[in-house]
Amino acid sequence: MSQSAPQEGQLVARSEAREPLNSSDRDSRKVCCSRCPLCTPCCMIVTGLLLLAALIATIVALANHGGGSKEPDAPLHCSMDNCAEVYLPEEAKSCTEAMCRKCEDDYDQHSDACIYRCSADQRTSGCSPLGCSADGTCSSCVPGFTVRKANASLRGLSSACTKAAEPVKMNFLMYRAQNDDNYSPGNTVLASPAGVMWYLHNQVVGSCLGGSRRFGITRVLRYNVTVHNPPAVFAKIRGQFGHFVDFQWGQCKNPDCDRWWNEFGYAVGCQNQYSYRYKEATYYSLPGSCPSKDLSSKSDSCNLLQPGGFCSHPDGTGNCTWSAELAGNVSVDELSGIQDIKAFCAAGKTEYSSKTDKGNGTSFWDDKMNATRNDERVSELLRLFDMHYPDVDVLSIPPPICDGL
């Protein structure tokens, strides 16, 4: 039967009033409705907002990059004063992060800078390591000296530093080779860095008897020492140091010790060592209480009669000439490059033999008469102290010139 056209006013079902959806429209609608419960109108709005956000982000990115792709950063080319080889970490952003790997000739590395190495004339004239300049002038002096004139030349007889005109308080570092026992440095002999290395090389590392070094030495101690000797010392030679005396087991072994204590007070003494090419090797003697007796014979009465020179704040009076504060230690095993001296000796090895001028199991002490090697050994000792105690600036506390009686 044929279907007649609807009459005016007759209701028609919605399913019969629409064109059928094609398959692609149905799929699009399904996707849209799966994402948004309000179906097509809402989905179109959300999509538009997302496209707008993406467009804004692209515009911002282009603006930040100058409208195009970013050029790679130009490689850094850094230089440092008096530095022959500059090292720049891989991720460095500026030359402020550069470090000097090797200084130019005549310059030594100090912290992050290269400083001029003092000439022999500058050292003997009292210039401090941080105060020497290539033009021969000095800006600062070692203890016991003062700057006489700014930019004064060392040519001829003139000097930028001159000896102090009176006894002065001096602060510097001393070193001592010692076993594992802890005791006061009073009535003992201490040394400069080269001095303690000279002592180790000649008296200590050549022995391996009983699984230990001579005297059971295991470490190098460092002391921050203040010295202020009495006026009688300065009046005698216009110098800052008294007589050097040798101590053995806490007792002064020089026959004139008592006379010197009475005449000059318990003055700190010094003595330069010139053997075996260790430059600037110096010994220091620190008189403590009862220096006339050895450790087993000291007594309270002797300590009272012979108080020695130790005190908290040296002031140059006869019994207040020095103070000392421990400032770290370095293992001789580490210095020699071995793990354990007992196992080392048990294996038949030795750090140094005077017969062969070499070690067996380590080469650190080889070639004792070589001044360059000796300098390197001293530098290694200082490097280890610097590594373990980086807050101590050794060059800012230079040793004085030994001008003892």
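Our structure's up above, just so we're on the same page.
Computed from a prediction, not measured in an experiment: that's the story for all the values here.

A.B. asks: Which residues make up unusual backbone geometry, and what are the values?
C.D. replies: The phi dihedral of Phe215 falls on the positive side, at around 65°, and the residue is not glycine. If you trace the backbone, Phe215 turns up in the loop between helix H5 (193-204) and strand S9 (219-227). One non-glycine residue with positive phi stands out, namely Glu280, at about 60°. Residue placement: Glu280 occurs in the loop between strand S12 (269-273) and strand S13 (281-286). Taking relative accessible area as the criterion, Glu280 reaches 55% and is therefore assigned exposed.

A.B. asks: Could you give an account of the state of the cysteines, with specific residues and numbers?
C.D. replies: Here the structure, examined in full by the defined rule, presents 11 disulfides. Here Cys83 is linked by a disulfide to Cys100, with a sulfur-sulfur distance of 2.1 Å. Judged by the sign of its S-S torsion, about 100°, the cystine formed by Cys83 and Cys100 is right-handed. Of this pair, Cys83 sits in strand S1 (residues 83-87) while Cys100 sits in strand S2 (residues 99-103), and the two are 17 residues apart along the sequence. Exposure remark for Cys83: the relative accessible area of 10% places this residue in the buried category. In this structure Cys100 comes out as buried when scored by relative accessible area, which is 7%. Here Cys141 engages in a disulfide with Cys161; their sulfurs sit 2.0 Å apart. Where Cys141 bonds to Cys161 through sulfur, the torsion about that S-S bond is close to -95°, and the disulfide is left-handed. Residue Cys141 is found in the loop between helix H4 (120-124) and strand S5 (145-147), and its partner Cys161 is found in strand S6 (residues 161-163); the two are separated by 20 residues along the sequence. The burial state of Cys141 is the same as that of Cys161; both residues are buried.

A.B. asks: With reference to specific residues and values, describe the layout of surface pockets.
C.D. replies: Approximately 960 Å³ is the volume found for the second largest pocket. Looking at the second largest pocket, it is lined by 31 residues, and the ones nearest its centre are Arg176, Tyr183, Phe247, Gln248 and Trp249. Elements with a contribution of two residues or more to the lining of the second largest pocket: strand S7 (170-178), strand S8 (188-191), H5 and strand S10 (247-248). Residues belonging to the lining of the second largest pocket are distributed by class as follows: 15 nonpolar, 12 polar and four charged.

A.B. asks: Could you give me a rundown of the nonpolar core, with the residues and numbers involved?
C.D. replies: If you look at the biggest cluster of nonpolar residues, it comprises 44 residues, and the most contacted ones within it are Met174, Met197, Leu200 and Trp365. Of all the elements in the fold, those that place two or more residues in this core are S7, S8, H5, S9, S13, strand S14 (322-331), helix H9 (332-336) and helix H11 (371-388). Not counting residues within four places of it along the chain, the set of residues in contact with Met174 comprises Leu190, Ala191, Leu221, Arg222, Tyr223, Val225, Val227, Val268, Tyr284 and Leu286. Within the second largest apolar cluster, 15 residues are counted, among which are Tyr107, Cys118, Cys132 and Cys138.

A.B. asks: Got a sec to walk through the pattern of salt bridges? Specific residues and values, please.
C.D. replies: For the structure shown, the criterion picks out 12 salt bridges. Note that Arg101 and Glu85 form a salt bridge whose closest N and O atoms lie 3.7 Å from each other. Separated by 16 residues along the polypeptide, Arg101 in strand S2 and Glu85 in strand S1 bring together distant segments of the chain. Put simply, Arg123 and Glu280 hold a salt bridge, and the shortest N to O gap is 3.0 Å. Taken together, the positions of Arg123 in helix H4 and Glu280 in the loop between S12 and S13 put the pair 157 residues apart, joining distant regions of the chain.

Conventions adopted
- Residues numbered from 1 in each chain as written.
- Predicted model: local features only at pLDDT ≥ 70, side-chain atom pairs only at ≥ 80, totals over all residues.
- Heavy atoms only, no water.
- Helix = DSSP H or I, 4+ residues; strand = E, 2+ residues; numbered from the N terminus.
- Buried < 20%, exposed > 50% of the residue type's maximum accessible area, 1.4 Å probe, protein only.
- Disulfide = S-S within 2.5 Å.
- 1 Å grid on protein atoms, 1.4 Å probe; cavity = no way out; pocket = protein on both sides within 12 Å on 5 of 7 lines; lining within 4 Å.
- Points joined across faces, edges and corners; volume = space filled by probe spheres on them.
- Nonpolar A, V, L, I, M, F, W, Y, C, P; charged D, E, K, R; others polar.
- Core = buried A, V, L, I, M, F, W, Y, C linked by side-chain atoms within 4.5 Å.
- Contact = heavy atoms within 4.5 Å.
- Salt bridge = Lys/Arg side-chain N within 4 Å of Asp/Glu carboxyl O.

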